[in-house]
Amino acid sequence: MLVSYRLLKELIDFSYSPNELATKFTHLGLEVEHVEHVEKKFDKVITAKVLDVTSISGTKLFKVNLLVSENETKTVITAATNVKKEDIVPYAMVGAKISDGRVIVEKYFGDILSQGMLCSYNELGLESEFLSNQEKNGILILPEDTPLFKNFESVFPVEDFYLEFSLLPDRADAFSVLGIARWVEIILAKEEGRKANFEKLQPKVQLEENLPNTPFEVKIADTDCAKFYSGRLIKNVKIKNSSYNLRTELYKLGVHPINNIVDITNYVLKMYGQPLHAFDFDKLKGGIFVRRAKTGETIKTLDGVERVLSEKNLLIADSAGAVALAGVMGGEYTEVTNETQNVFLESAYFVPSVIAVSSRSLGLITDASSLFEKGVDPDFTPHASNVASKMILEEAGGILFKDSVDDLRDPKKGVNLRVSKAVSLLGDEIKVEEIKKYFDIEGFDYVFDEAKNTFTVYAPTFRQDISIEEDLIEEIARIKGYNEFKETPIVSNLKSGSIEKIQEFNSFLRNFLLAYGLNEVITSTLVSSAMLSKYKLFNEEKTVKILNPLTEDMAYLRPSLLATLLEVATRNINVNIKDFGIFEIGKVFYRENGFKEKFNLSIFLIGDYILKNPYKKTLPYDFFYLKGILEDLFDELKIPMFFEKQSYPYLHPYRSAVIKVKDELIGFLGEMHPNIFDKAYYCELDIEKLLNNSSLEKKFTQFSIYPSVKRDIAILVDKDIEEIKVRDVIRSASINELKNIVLFDIYEGDPLPKDKKSLAYSLEFVSNERTLTSEEVDNYILKIEKSLIDKVNGILRRQ
Amino acid sequence: MEFNEDIEKQFFEKIKNIKDLSELKKIEIEYLGKKGIVQELYKKIKDLPEEKRKEFGEKVNNLRNIIESSIESTKAQLESSLADLKLSSEKIDVTLPGLHFQRGSIHVLTKVIEEVKSIFVSMGFDVFSGPDIEDDYYNFEALNIPEHHPARDMQDTFYLAQKILLRTQTSPMQIRIMKKLKPPIRMIAIGRCYRRDALDSSHSPQFHQVEGLVVDKGISFANLKATLSEFSKKMFGENTRIRFTPSYFPFVEPGSETSISCVICGGKGCPVCKYTGFLEMGGSGMVHPNVLRNVGIDPDEFQGFAFGWGIERIAMVKYGIPDIRYFYQNDLRFLKQF
Ligand SMILES: [Zn+2]
């Protein structure tokens, strides 16, 4: 919300600079995000009257004769088409400067001398949002009662500061200039040590007594939806543009001018925070009823949309049906138009939650609804009708009637505050006298019960944020200043903090992978279907879709870490970083009897892990490097797992495997499919399964005090046999002393038969009881050899 | 051959210029060998008169000792200089670069999260995370934000289904924990949150938050201030000051926006803090009595405070990271800096 500093100063006398004021507001909880200084960017521009306009034949130009002072005329050539006789316009005289820095000079068009320029809003450097469309598109046409021959800046409030407030929904009282001015009064009251006086800020309007009654019944039918309704007839009004005076005020409020009646309702809304609505009285039939809509009832609102309603919506209805969406938007049929002669002016207090539900159920949030849903000042509502009525008489003439009213407002209720609760909640000593002072500063009325040490507080009706004890405690803190309270550490039984298991486990995994030189990444959980489809990860039934995505590329929750990890890889490769290992520990999502989420771990490797150097060979990441990490990890977690050949759409069909624990799938790994990435390696594991199967418990195991004996053996087996089977056979010889089996060579080719390969193992034997003799080890080897012959048709190669 | 002083002189003359072990060996044989000079002298003893034999014998013994020890020490000298010669041939250039394996890194957000955790654990807080997919009840309803409440506009929400959404804040963990545990409660919850905000340098539709909640008898605003003040000092340095300004979050009352003194200018005002001297970190306040009632805690018996700060915000302030997008881009040149 933007508030004009100039307007505030007109309303209340204070001496703070715009920036000082902004700081004070922020400390009170009315955050000023920004102070904008609007400067005058022109010079020597005056208001002048158009005498006549003639088109110059053969061109698209017009010759305009202007009255620029009581007895002086000037001629100006313009291309603008919106200027006509009698218009009052800003005229930049010869020698004038306009906002883009240009200086106006005399200039001939054919044989006509142009002595200056007519200005548009743009050329004056004015904010376009404050102007009507008509004005934006051409020369700025000023109201017909604008004072003539004056410097433009003296008739139009050009130079100003605008405070940009970022107000929160509980500050219902501050969404108007009056509301902000009341907080200036609180600032002043605090400074001067007195009670705030909001009375002086209220517009003073006294309507004539003995007005004729509005010949129309108004009735709040659903009494839980509205607490006050006033409807008033104003006959024989003249709908036209607003006067110069009102236009000037609208400009300061940032309101687009439309016509005098609409402008007045907008003025009251922005200035005093009370939304009003004006109907064309002649289109209303039989009376006004405030009631809930019936399901299926329709109304065409004045934005031209035909809306189907439900019981969530509150209506202003006449005897024929809906005429307005109460508190949200008027109906098109009863709208005030240029032909309107008789106006019916509504000022009402609707119950905030009712308007919130009504406007949100239609997705229609307007200036009016956003004020009503926060809560307008019910004490001001009747008065707002008077204020607007008086302005209508001034701007549009007419005959005023006394309003018809249905008043269901509750009497003011007090809120209790126990001093002890304030002390306890704030954790600081605070005296009764001090509390009284703060309540005075905010203009609250109160009664203090000495015996009970309790206040009963009556906040002004515009303070709809005060409804419970804690609200009052917040006010004490607000006025005293949040930073004036002491800091006291928590006093409690000593206890240590703990971290939930999954987080501890994730930290373990991170540190484990860090030791392998991998880099942790954190990627988006929001992905596009295109991105998932690219890797065949998209599954209409299982992928979690966001119903209201911000953009299509963030419309789904990722079912796997693959896509976003590959995106990170691509990003880095594109900036010529080509050797790296990255991993992510993050959530994936899927649908399976509802929405599910779980943590996965993914690793991606590409390029070399030992880079080009003068000492050794470079060493590239490969399938077995990745597998080695996983084997180490499972070993550390004491999880017995195995790998089985398995293909995945995004992996190399002959270089990928599934990882299983017993019969449970726990993850997979493989070389990326060469169509996606060349020589890159990926794995993804289910962290919860990992955690559930793991044991990080450590316990000392006795090791032998005797030296071990190592023997290397080479075994000739069929080429197609999986190596794991050979190892299993060696293990199956059940030799307790065999502590370690290390495969150190695989050989195929000459002089071996074509269908054979040789596997070389280093076997380590150790006994807990004695040093093993060479004969004993020979016997073990024989035993192993027998198993190999029997089970895999293996032959021990002897040199 | 006469025994004379010249033998010794000659020997020292010869051994002085010895360069290698083989030359030394020759000299050793020449003097100490079976047919060497010393042996020849011994042979002469028998030709000498009785009374001179003893004196002559002692002289030869003496000479032999001198020669032996001299050869011994020369040998040692030669050997050591030879060894040095061999080692010097193995000389390396110690200024050459070392051999590097790829070194890993932990994401800066994780680092910040770990640091936040460890500070709060040291203050006795338990650490939770909670689900990203939340129920409307936990994310809004139980937090005193009923449907259609204007405060919902402050957090534009992603929905997955009717009443099922991506959490817009970690605050639902307040409800989950209070439903599970009885006071005294002292916890933080850290996790990813989502809002329908367009991505720019300071907004991201996904971000991380740390939520804090303390509920016990007599927990006060003064406790909240002390806790966040202590946390800020540990996180950003001993000189950090904390500022509270009134604000509105429906689940706390009184509610507060919390800022820390600008880490760049120390509070004097600079472009980073937009000349305010302070950097906004997040919301905080005293748990609203309605929230306590919603989880069956009597607000007249127990009081609590809560806060929610942005992890990305903490990281940006602590490490001077100018743009929130860096966190999710994962450029290795970024990752490896932390
Ligand atoms: Zn600063």
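Quick caveat, the model's predicted, so the values are computed rather than measured. (Residues numbered from 1 in each chain as written. Chains lettered and ligands numbered in written order. Predicted model: local features only at pLDDT ≥ 70, side-chain atom pairs only at ≥ 80, totals over all residues. Heavy atoms only, no water.)

1. Re the overall build of chain A
Note the following rule: For helices the rule is a DSSP run of H or I covering at least 4 residues; for strands it is a run of E covering at least 2, with both sets numbered from the N terminus onward. Radius of gyration: C-alpha atoms only; globule rule: 2.2 Å multiplied by the number of residues to the exponent 0.38. We call two residues in contact whenever any of their non-hydrogen atoms come within 4.5 Å of each other. Using a 1.4 Å probe, the Shrake-Rupley method yields the accessible areas, and only the shown protein chains count as cover for residues.
In terms of regular secondary structure, chain A is built from 21 helices and 41 strands. For 799 residues, the compact-globule estimate of 2.2 N^0.38 gives 28 Å, and chain A exceeds it by more than 25% at 42 Å. With the C-alpha coordinates aligned to their principal axes, the bounding extent of chain A is approximately 130 × 90 × 55 Å. Taking contacts inside chain A between residues at least 6 apart in sequence as the whole, the part at least 24 apart equals 68%. Only carbon and sulfur atoms are counted for the fraction: they give 49% of the accessible area of chain A, which is about 37300 Å².

2. A short note on the domain arrangement of chain B
Put simply, the rule is: An automatic or database domain assignment provides the domain bounds reported here.
Each domain of chain B was delimited in the assignment, giving domain 1 (2-89) and domain 2 (108-335). Look at where the C-alpha atoms of domain 1 of chain B and domain 2 of chain B centre, and you get two points 92 Å apart.

3. What about the interface of chain A and chain B?
Applicable threshold: Reported buried area values correspond to the accessible surface (1.4 Å probe) lost by two parts on association, with both partners' losses combined. Whenever Lys or Arg places a side-chain nitrogen within 4 Å of a carboxyl oxygen from Asp or Glu, that contact is recorded as a salt bridge.
Taken residue by residue, the interface counts 90 residues in chain A and 89 residues in chain B. Roughly 7500 Å² of surface becomes buried between chain A and chain B when both sides are summed, with 56% attributable to carbon and sulfur atoms. It is Tyr 482, Ile 490 and Ile 522 of chain A in chain A that bury the most area against chain B; as a group they hold 10% of the surface buried on that side. Across the chain A-chain B interface, the total number found is four salt bridges.

4. Digging into a nonpolar patch on the surface
To be explicit about the condition: The patches described consist of residues with a relative accessible area above 30% and no salt bridge, like charges being joined within 9 Å and nonpolar side chains (Val, Leu, Ile, Met, Phe, Trp, Tyr) within 5 Å.
Among the surface-exposed residues, Tyr 615 of chain A together with Leu 96, Leu 99 and Phe 101 of chain B lie close enough to one another that they form a single nonpolar patch of about 380 Å² accessible area. Checked against the element boundaries, Tyr 615 of chain A lands in the loop between strand 32 (608-610) and strand 33 (619-620).

5. Describing the coordination of the zinc ion
Residue and element names in this part refer to chain B. Inclusion rule: Because water is not among the atoms used, a metal site may look incomplete, as its donors are only the N, O and S atoms within 2.8 Å, or 3.2 Å for Na, K and Ca. Sites are called tetrahedral only when four donors show all angles between 85 and 135 degrees, square planar or octahedral only when four or six donors show opposite pairs over 155 degrees and all other angles between 65 and 115, and irregular in any remaining case. Residue burial is assigned from relative accessible area. The probe radius is 1.4 Å, only protein chains are included, and a residue is buried under 20% of its type maximum, exposed over 50%, and partly exposed in between.
Around the zinc ion, the protein contributes the donor atoms Cys 262 (SG), Cys 265 (SG), Cys 270 (SG) and Cys 273 (SG), at 2.2 to 2.3 Å from the metal centre. One can describe the donor arrangement at the zinc ion as tetrahedral, given that its four donor atoms subtend angles of 104 to 113 degrees at the metal. Within one chain, the residues serving as donors to the zinc ion are arranged as C-x2-C-x4-C-x2-C. The same class applies to Cys 262 as to Cys 270, namely buried.

6. Brief notes about the side chain of Ser 767 of chain A
Residue and element names in this part refer to chain A. Note that Ser 767 resides in the loop between strand 40 (756-765) and helix 21 (774-792). Note on Ser 767: relative accessible area 2%, which makes it buried. For Ser 767, the residues in contact, after removing those within four places along its chain, are Ser 704, Tyr 706, Glu 737 and Leu 772.

7. Structural notes on the environment of Val 64 of chain A
All names here are of chain A. Inspection of the secondary structure puts Val 64 in strand 4 (residues 62-69). Between the alpha carbons of Val 64 and Glu 785 there is a distance of 115 Å; along the sequence they are 721 residues apart. In this structure Val 64 touches Val 50, Asp 52, Val 53, Lys 74, Thr 75, Val 76, Thr 78 and Leu 118, once residues within four positions along its chain are discounted.

8. With respect to the pairing of strand 24 (residues 445-449) of chain A
In regular strands, side chains alternate between the two faces of the sheet. All names here are of chain A. Note the following rule: A pair of strands is labelled paired if DSSP reports no fewer than 2 bridges between them.
In this sheet, strand 25 (residues 454-458) lies alongside strand 24 in antiparallel orientation, the contact comprising five bridges. Paired with Tyr 446 across the bridge in strand 25 is Val 457. Connecting the antiparallel pair strand 24 and strand 25 is a turn made up of four residues, with Asn 453 showing a positive phi of about 55 degrees.

9. What about the packing of helix 3 (residues 37-45) of chain B against helix 4 (residues 50-88) of chain B?
Residue and element names in this part refer to chain B. Going by this rule: Lines are fitted to the C-alpha atoms to define the axes, a helix being fitted only along its stretch in contact, and any angle between axes, read from their N-to-C directions, falls within 0 to 180 degrees. For this classification, under 35 degrees means roughly parallel, over 145 means roughly antiparallel, 65 to 115 means roughly perpendicular, and everything else is oblique. Lys, Arg, Asp and Glu make up the charged group, whereas Ala, Val, Leu, Ile, Met, Phe, Trp, Tyr, Cys and Pro make up the nonpolar group; the residues left over, Gly among them, are polar.
One can describe the packing of helix 3 onto helix 4 by two numbers: an axis separation of 10 Å at closest approach and a directional angle of 170 degrees. Judged by the angle between their axes, helix 3 and helix 4 are roughly antiparallel. Counting all contacts with helix 3, which are made through Val 38, Leu 41, Tyr 42, Lys 44 and Ile 45, the residues of helix 4 involved are Arg 53, Phe 56, Gly 57, Val 60, Asn 61, Leu 63, Arg 64 and Ile 67. Its residues assigned to classes, the contact of helix 3 with helix 4 shows eight nonpolar, two polar and three charged.

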